[in-house]
Amino acid sequence: MEAAVRMGHCCLTSLSDDVLLLIFQYIDHIDLANIRLISSRFQSISEDRQLVRHISFASCYRVTDQILCRYLKPVFHQVETLDLNHCYWLTYSAYDAIGRCVNLQTLNVLQCRITPKHLCLILARLTKLRSLAVTIVDMQTFQAELHSSGGAQKVMQNLRCLTLHFRGTLQYTGHHIKMQFEGGSRFLDYFYSLEELHVLGFPNSNKGIPPYVLYSLITNPEAMKRIRCLSISDAVDSFARMFFFSTLLEVCKQSTLYLTTLLQPMGTPEHLKNKPHYVETLKNIEQMELLDISRTVQPIPNEIFSLDRAVNLQYLNVADNTMVSSQSLHILADNCPRLVSINLRNCHSILLKSTEGSSEEKIVDSSGLQTLLLNCSELRHINLSGVHLHADDFAHSSFSSLCHLLAINSNWKSVALSPCCLCPMKVDEITTTMQTTGNKRVMVRYSDETGVKRQRIGIQPPDLHMSVEEELTSELGKLVRVSPNMESFELIGAGFRSACNKKYGLQPETFNSKVCAYATAVGEQELLCIRQWKKLVYLQLTAVPGIFKGDFLAGIVRNCVQLKQLFLSHLGMGVLCCYRQGLRSALPLAHCLKDLRLEQPGLQLNESLWTSLGQVSTLERLCVVARDGIFEKESVIVDYVKSVPSLIALQLLTNNTLTSCRNLQTKLAQTFSQERRPFSQCIFPLKHPTLLEFASSVPDVHLDELTILNSTICLRPPGWGRMPKTNIG
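Everything in this summary refers to the structure shown in the same document.

Conventions and cut-offs
- Residues numbered from 1 in each chain as written.
- Predicted model: local features only at pLDDT ≥ 70, side-chain atom pairs only at ≥ 80, totals over all residues.
- Heavy atoms only, no water.
- Helix = DSSP H or I, 4+ residues; strand = E, 2+ residues; numbered from the N terminus.
- Buried < 20%, exposed > 50% of the residue type's maximum accessible area, 1.4 Å probe, protein only.
- Contact = heavy atoms within 4.5 Å.
- Pairing = 2+ DSSP bridges.
- Axes fitted to C-alpha atoms, helices over the stretch in contact; angles between N-to-C directions.
- Parallel < 35°, antiparallel > 145°, perpendicular 65-115°, else oblique.
- Left-handed = near helix turned anticlockwise from the far one by under 90°.
- Polar contact = N/O pair within 3.5 Å; in protein donor to acceptor, adjacent residues only side chain to side chain.
- Phe/Tyr/Trp six-rings, centres within 6.5 Å; stacked < 30°, edge-to-face > 60°.
- Lys NZ or Arg CZ within 6 Å of the ring centre and 35° of its normal.
- Salt bridge = Lys/Arg side-chain N within 4 Å of Asp/Glu carboxyl O.
- Expected span 1.5 Å × (residues − 1).
- Patch = residues over 30% accessible without salt bridge, like charges linked within 9 Å, V, L, I, M, F, W, Y side chains within 5 Å.
- Areas by Shrake-Rupley, 256 points an atom, 1.4 Å probe, with all protein chains shown as cover.
- Right-handed = clockwise from strand over helix to strand, strands pointing away.

## Here's the deal with the overall build of the protein
Right, on to step 1. A count of helical and extended segments in the protein gives 28 helices and 28 strands.
Right, on to step 2. Burial statistics for the protein: of 729 residues in total, 57% are counted as buried.
Right, on to step 3. Here the contacts in the protein between residues at least 6 apart in sequence split such that 79% fall between residues at least 24 apart.

Here it is as structure tokens:
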């Protein structure tokens, strides 16, 4: 080993500075901080302006106050971008170093613990700042501090991009609270150069009442007249939504407003129809590039959004709109040729010629989706989850199934589907095939009188020993064969809603699952071909009823060597985890996995599971939602956390008692609070009524990305990531 290290060191030292600089560009900043310590030569190269101009430690759980200060000290004047988003464990000593980066143009400190007074002191020194992302706990206090700091006000006047994350204190009570409304005119009037405004809400604020609600009133007509991009995250946060939509209406009063980005997921647009300034602004839709009008039930085009004129549109989110028909897709295909990403999640009418008329008169028409895929040659991302698209629907088409149709495009990077879309047969053919092959699956049929009826057929599932050619003959295989560059894939059962979902937050009583008969015919054989996607980074399999042993998981994890996020929820028909053996076999093969989320009602957190999890040495975040499951030995879990030094977020929502959960939390806090500053735990009974209130103490980044299950493909424009970006592709 020592000889190998010496040989590697000699090989590196023999390279020229230019070659080393090129190599260092592909290394994370946290690793560059350690490389500096090897030699004076490496230190000199790692401090080159090309490497330190744009520094990112966002969600880097290895960074500490000392590492950050030591890294910034020799390059204070060279840093132009500093991203510390979600570094919620850093202290004031680390943030003091920010103010010394006097040439800083972009500063991202979302979810960082900076007081309003301290933030204003830092901003007053950053005279060249043009982009700011910050978390606001109390807007009233922040406004007061800003009003008393002339230097911070001047910086605000020059900002071009502002991201506000509202994280106020919520009151969880069943009693009625008199809510106070506060005006925000003073705050918004400071901005003269703002072009982008992004608002982020708390992802789990349902039933939590803020002490006051902020509405916007712009008294200075010069303020915010240059706005081109407005967005709000899809969160049930009354504080954030009130601020955003009041700001939107105020901004629309500017006669020179030409929006290129409008991301405003909303339940209903009726309250905006009677706002003449808003309607007038959207007449300039030819300039629009990124548009999110999800959760609105309106035809396309309509009187507000004339998408037949949106010729420059690259991203469109119309999720949860049952008025989107095949004709709507024809209009998009003919007028939006530059589309790169489209979200059609829960758009159940996209294969209907028209949504008008009775159910008997509705005609199946797949030509709209076909034309969209043919005309939009730049399309790389599509979300069709929650939509039933069966073989019967393509009876009058030249394509036999949805995957056959999607195979028109060979450059997919992210796709979300429903399991029933992968079944090439009709219901009668499914029943006949199962009886003939003896396949033990659960058939589920819908009846207007009796609801759901289950019938078990056959004996054992088939073996999974298949060649690559045999794998690619399945329906999903048709898509895998032509799309080798897939990076994100979701298979989410239509009609499924997790116990921790986007709409209601962490409320297990909102769980819902409706199994489609076609989905029961999709088993492990059909999913094994996923392992051919060598570039896969993110995989979610949710509500797939045809799973039994889970042997296919090992093949996927072994072959998809870049897999970093794996979400498995409600696989198989029963409440028990029937695929536990396959899961235990797959986990030791995951050499790059960072996020793992498991949701199964009867999942038992026994010692064998923790042993398997302990072999995933790269894991950073683990979430287990087991409504009926329990953990038994607290010491086993403590030993597991010790065995995985990279683990910083542990979430166990189980059927344990509140006392046992608190005891485990206490032991973990006593053991790891000092050595792992970022360590966050959410260990609580899933059915306990105070779960919402307890979860409010969990960092938003873990709640939003891990705890709350959601379809993330096409939720935001490509490249948006955790920080808003106006570029796409």
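## Some thoughts on the pairing of strand S20 (residues 488-492)
Within a regular strand, the side chains alternate between the two sheet faces.
Right, on to step 1. Within S20, five of the five residues are buried, which leaves the element mostly enclosed by the surrounding structure.
Right, on to step 2. On S20, burial covers both faces: Ser488, Glu490 and Ile492 on one face and Phe489 and Leu491 on the other are all buried.
Right, on to step 3. Sheet analysis places strand S17 (residues 414-417) next to S20, joined by four bridges and oriented parallel. Bridging from a neighbouring strand, Val415 pairs with Phe489 of S20.
Right, on to step 4. Pairing between S20 and strand S23 (residues 538-542): five bridges, direction parallel. Across the sheet, Leu491 pairs through a bridge with Leu541, a residue of S23.

## Describing the packing of helix H8 (residues 116-125) against helix H10 (residues 150-158)
Right, on to step 1. It is the contact of H8 with H10, at a shortest axis distance of 7 Å, that shows an interaxial angle of 65 degrees. Of the possible angle classes, the one that applies to H8 and H10 is roughly perpendicular. When the axes of H8 and H10 are compared, the crossing they make is left-handed. Between H8, through Cys120, Leu123 and Ala124, and H10, the contact on the second element is made entirely by Gly151, Ala152, Val155 and Met156.

## Description of the packing of helix H25 (residues 634-643) against helix H26 (residues 658-672)
The angle between the axes and the distance between the axes are what describe a pair of packed helices.
Right, on to step 1. It is at 10 Å that the axes of H25 and H26 come closest, and there the two elements cross at 30 degrees. The crossing of H25 and H26 is right-handed. Residue-level inspection shows Glu634, Ile637, Val638, Val641 and Lys642 of H25 in contact with H26, the latter providing Ser660, Asn663, Leu664, Lys667, Leu668, Thr671 and Phe672.

## With respect to the environment of Ser246
Right, on to step 1. Note on placement: Ser246 falls in helix H12 (residues 238-251).
Right, on to step 2. The exposure class assigned to Ser246 is buried, which follows from its relative accessible area of 13%.
Right, on to step 3. Sequence separation of Ser246 and Leu214 is 32 residues, and the distance between their C-alpha atoms is 8.9 Å.
Right, on to step 4. A distance of 3.0 Å separates a polar atom in the side chain of Ser246 from the backbone oxygen of Phe243.

## Digging into unusual backbone geometry
Right, on to step 1. Backbone torsion omega between Ile300 and Pro301 reads -5 degrees, so that peptide bond is classified as cis.
Right, on to step 2. Of note, Pro301 is situated in the loop between strand S13 (290-292) and strand S14 (315-317).
Right, on to step 3. Backbone geometry at Gln111 places phi at a positive 60 degrees, although glycine is not the residue there.
Right, on to step 4. On the secondary structure map, Gln111 appears in the loop between strand S3 (106-109) and H8.
Right, on to step 5. Exposure remark for Gln111: the relative accessible area of 14% places this residue in the buried category.
Right, on to step 6. In this structure, Asn346 is a non-glycine residue whose phi angle is positive, near 60 degrees.
Right, on to step 7. Locating Asn346 in the fold gives a position in the loop between strand S15 (341-343) and helix H16 (367-375).

## Digging into the packing of aromatic side chains
For any pair of aromatic rings, geometry is given as the distance between the ring centres together with the angle between the planes.
Right, on to step 1. Counted according to the given criterion, the structure contains 13 aromatic pairs.
Right, on to step 2. Where Tyr88 meets Trp89, the ring centres are 5.0 Å apart and the plane angle is 90 degrees; that geometry is what we call edge-to-face. In this structure, Tyr88 and Trp89 share a single accessibility class: buried.
Right, on to step 3. Measuring from centroid to centroid gives 5.7 Å for Tyr538 and Phe567, while their planes differ by 85 degrees, and the two rings are edge-to-face. Taken as a pair, Tyr538 in strand S23 and Phe567 in strand S24 (residues 565-569) lie far apart in primary sequence, 29 residues in all.
Right, on to step 4. A relative accessible area of 5% means that Tyr538 is categorised as buried.
Right, on to step 5. An aromatic cluster of at least three residues, connected via ring pairs, comprises Tyr61, Tyr88 and Trp89.
Right, on to step 6. Above the plane of the ring of Tyr71 lies Arg36, whose end atom (NZ or CZ) is 4.0 Å from the centre.

## What to know about the pattern of salt bridges
Right, on to step 1. Inspection of every chain in the model, using the stated rule, returns 22 salt bridges.
Right, on to step 2. One salt bridge connects Glu475 with Lys478, and the closest N-O pair in it is separated by 2.9 Å. Of this pair, Glu475 and Lys478 both sit in helix H20 (residues 475-482), separated by three residues, roughly a single helical turn.
Right, on to step 3. The buried category is assigned to Lys478, whose relative accessible area is 19%.
Right, on to step 4. Asp551 is the partner of Lys549 in a salt bridge, and the nearest nitrogen-oxygen pair spans 3.4 Å.
Right, on to step 5. Take Asp551: its relative accessible area is 35%, and that puts it in the partly exposed class.
Right, on to step 6. Put simply, Arg49, Arg53 and Glu80 are held in one network by salt bridges that share partners.

## Here's the deal with H12
Right, on to step 1. For H12, spanning 14 residues, the distance from its first C-alpha to its last is 20 Å, which sits close to the expected 20 Å at 1.5 Å a residue.
Right, on to step 2. Among the 14 residues in H12, eleven count as buried, and that is most of the element.
Right, on to step 3. Along H12, the residues that are buried comprise Phe239, Ala240, Arg241, Phe243, Phe244, Phe245, Ser246, Thr247, Leu248, Glu250 and Val251.
Right, on to step 4. By the N-cap criterion, in which a side-chain oxygen at the helix start approaches the backbone nitrogen of a residue two or three places on, H12 is capped by Asp237, the distance to Phe239 being 3.0 Å.

## As for the side chain of Asn317
Right, on to step 1. The residue Asn317 is located in strand S14 in this model.
Right, on to step 2. Within the structure, the side chain of Asn317 is placed 3.3 Å from the side chain of Tyr315, a separation counted as a polar contact.
Right, on to step 3. The contact partners of Asn317, leaving out residues within four places of it in the chain, are Leu291, Asp292, Ile293, Ser294, Asn343, Cys714 and Leu715.

## So, a nonpolar patch on the surface
Right, on to step 1. Together, Leu12, Val19 and Ile23 make up a nonpolar patch on the protein surface, roughly 200 Å² of accessible area in all.
Right, on to step 2. Tracing the chain through its elements places Val19 in helix H2 (residues 17-24).

## Description of the pairing of S23
Right, on to step 1. Extensive coverage of S23 is indicated by the burial of five of its five residues.
Right, on to step 2. A two-sided burial pattern is seen for S23, the buried positions comprising Tyr538, Gln540 and Thr542 on one face and Leu539 and Leu541 on the other.
Right, on to step 3. Sheet topology note: the S23/S24 ladder contains five bridges and is parallel. The residue of S24 that forms the bridge with Thr542 is Ser569.
Right, on to step 4. As a crossover connection, the stretch from S23 through helix H22 (residues 552-559) into S24 is right-handed.

## Some words on the environment of Asp96
Right, on to step 1. Within the fold, Asp96 resides in helix H7 (residues 92-96).
Right, on to step 2. By relative accessible area, which is 43% here, Asp96 ends up partly exposed.
Right, on to step 3. Polar contacts involving the side chain of Asp96 include one to the side chain of His118, which spans 2.9 Å.

## Structural notes on the environment of Cys516
Right, on to step 1. With respect to the element layout, Cys516 can be found in the loop between strand S22 (505-506) and helix H21 (524-527).
Right, on to step 2. Sequence separation between Cys516 and Val544 is 28 residues; the distance between their C-alpha atoms is 9.8 Å.

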